[in-house]
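One-letter residues, chain by chain:
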Amino acid sequence: GAELLLYSVNNITSGTDSQGEVTVRLSKAGRIVNGQGADTDIVVASATAYINALNKLHFKLERVNPQV
């Protein structure tokens with residue numbers, strides 16, 4: 001039920017075994033979250049970023065003292 005707003009792939013390192021970093025932005029019910037993942041396999045990095053964002057949507061973090 002989440003809408004994909006952004007899918008971005010960037011390289012972290014260079015060379016034949018370079019790492020890629022993926023950032024996704026998801027929206028659901030007016031709430032927008034970002035997820036990030038990094039790996040030498042861009043598919044793994046993409047899945048990690050997507051799952052990271054889904055977890056943020058699912059578990060709403062409540063801060064007791066946001067100034068700290």
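By convention here, each chain's residues receive numbers from 1 onward along its written sequence. Predicted model: local features are reported for residues with pLDDT of at least 70 only, side-chain atom pairs are reported and counted for 80 or more only, and whole-chain, interface and lining totals are derived from all residues. Side-chain numbers here rest on the full set of heavy atoms in the structure, without hydrogens or water.

Caption draft 1: Just helix 1 (residues 42-58), in detail. Counted at 1.5 Å a residue, the expected span for helix 1 with its 17 residues is 24 Å, and the 24 Å between its end C-alpha atoms agrees. Summary of the burial criterion: residues with accessible area below 20% of their type's maximum are buried, those above 50% are exposed, and those between are partly exposed, where the area comes from a 1.4 Å probe applied to protein chains only. Only DSSP runs of H or I with at least four residues qualify as helices, and only runs of E with at least two residues qualify as strands; both kinds are numbered from the N terminus onward. Along helix 1, the residues classified as buried are A45, S46, A49, A53 and L57. Down the axis of helix 1, the buried side of the element spans an arc of 110°, and every buried residue falls inside it. In this structure, helix 1 carries V43 and H58 as exposed residues pointing more than 90 degrees from its buried face. Its buried side turned inward, helix 1 meets strand 1 (3-11), strand 2 (20-28) and strand 3 (31-39). A distance of 3.0 Å separates the backbone nitrogen of V43 from a side-chain oxygen at the start of helix 1, and that oxygen is part of D41. The span you would expect from a helix comes to 1.5 Å times its residue count less one. Here the arc refers to the set of directions running from the helix axis out to each C-beta atom. Contact definition: two residues touch when any of their heavy atoms are within 4.5 Å. Under this definition, polar contacts are N or O atom pairs within 3.5 Å; protein pairs additionally need one hydrogen-donor-capable and one acceptor-capable atom, and for neighbouring residues in sequence, both atoms have to be side-chain atoms.

Caption draft 2: Quick peek at the side chain of S46. Here S46 shows up in helix 1. There is a polar contact of 2.8 Å between the side chain of S46 and the backbone oxygen of I42. Sequence-distant contacts of S46, defined by excluding residues within four places in its chain, comprise Y7 and V22.

Caption draft 3: Here's a closer look at the environment of N55. Relative to the helices and strands, N55 resides in helix 1. The spatial distance from the C-alpha of N55 to the C-alpha of V33 is 9.6 Å, given a sequence separation of 22 residues.

Caption draft 4: Geometry of the sheet that holds strand 1. Two strands are counted as paired when DSSP detects at least two bridges linking them. In spatial order, the strands read 1-2-3; together these three strands make up an open sheet with antiparallel pairing. Strand pairing shows two members of the sheet lacking a second neighbour, strand 1 and strand 3, which therefore form its edges. Ignoring strand direction, the axes of neighbouring strands in this sheet form an average angle of 15°. As judged from the eight bridges shared by strand 1 and strand 2, these two strands associate in the antiparallel manner. Across the sheet, the residue bridging to E3 is S27, located in strand 2. What counts as an axis is a line fitted to C-alpha atoms, over the stretch in contact for a helix, and the angles between N-to-C directions run from 0 to 180 degrees. Sheet contacts for helix 1: strand 1, strand 2 and strand 3; angle to strand 3, the most-contacted strand, approximately 150°.

Caption draft 5: Just a nonpolar patch on the surface, in detail. Where nonpolar side chains cluster on the molecular surface, the patch consists of L4, Y7, V9, I42, V43, Y50 and L54 and spans about 610 Å² of accessible area. Listed by contribution, the elements that provide at least two residues to the nonpolar patch are strand 1 and helix 1. Of all the elements, helix 1 adds the most residues to the nonpolar patch, at four residues. Position of V9 among the secondary structure elements: in strand 1. Residues with no salt bridge and a relative accessible area higher than 30% make up the patches, which join like charges within 9 Å and nonpolar side chains (Val, Leu, Ile, Met, Phe, Trp, Tyr) within 5 Å. Per-residue accessibility takes into account occlusion by the displayed protein chains alone, with areas from the Shrake-Rupley method and a 1.4 Å probe. Between Lys or Arg on one side and Asp or Glu on the other, a salt bridge is scored when a side-chain nitrogen of the former is within 4 Å of a carboxyl oxygen of the latter.

Purely geometric numbers; function is a separate question.
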